[in-house]
Amino acid sequence: MHWCLLIRNWAEDSEIFSLYIFFNVNDELHQQVKLDTPVKKLGWTPLHLALRFGLEKVAELLLRRGANPNLADKDGETPLHLLCKSSDDTFLKIFFETCDEVKQVVQVNVEDKYGICDRCSELWLAVTRR
């Protein structure tokens, strides 16, 4: 799955179509897809990668398929950290709505590994980026 996100043709619509096929084939074969397996050195999950590349539809699909929105990478950054650093409030709303729909609780006050006095928590990032 990581390679599917890393080696791509930079067109999100074809990317999402490829992932639908990937998930459908695995569903038909009754094979579990491990959505939260991180890249070894960076600790990025497919959800981290989708958000880093701005693939909102892919990120939403991963959340709907059960990706954990609270997993941190090697720097302690969660998917919410990445969203709070971006300027896209629209997808931040979709992120929370999707997590709510699939009954996934999002931890909103997690510090990354550089966090001192909540300076790198998602709440701090969201409030101070304005």
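Residues numbered from 1 in each chain as written. Predicted model: local features only at pLDDT ≥ 70, side-chain atom pairs only at ≥ 80, totals over all residues. Heavy atoms only, no water.

(A) Representation of helix 4 (residues 56-64) in the model. Listed as buried for helix 4 are Val 58, Ala 59, Leu 61, Leu 62 and Leu 63. Gly 66 sits one or two positions beyond helix 4 and adopts a positive phi of about 110 degrees. (Buried < 20%, exposed > 50% of the residue type's maximum accessible area, 1.4 Å probe, protein only. Helix = DSSP H or I, 4+ residues; strand = E, 2+ residues; numbered from the N terminus.)

(B) Main features of the pattern of salt bridges. A complete count under the given rule lists 8 salt bridges for this structure. Between Arg 65 and Asp 27 there is a salt bridge; the shortest N-O distance is 2.9 Å. With Arg 65 in the loop between helix 4 and helix 5 (79-85) and Asp 27 in helix 2 (residues 12-28), this pair connects stretches of sequence that are 38 residues apart. Judged by its relative accessible area of 34%, Arg 65 is partly exposed. Between Arg 52 and Glu 77 there is a salt bridge, with the nearest N and O atoms lying 3.2 Å from each other. Taken together, the positions of Arg 52 in helix 3 (residues 46-52) and Glu 77 in the loop between helix 4 and helix 5 put the pair 25 residues apart, joining distant regions of the chain. A residue is classified by how much of its surface remains accessible, and Arg 52, at 34% relative accessible area, is partly exposed. One salt-bridge network, in which partners are shared between bridges, spans Arg 52, Asp 73, Glu 77 and Lys 85. (Salt bridge = Lys/Arg side-chain N within 4 Å of Asp/Glu carboxyl O.)

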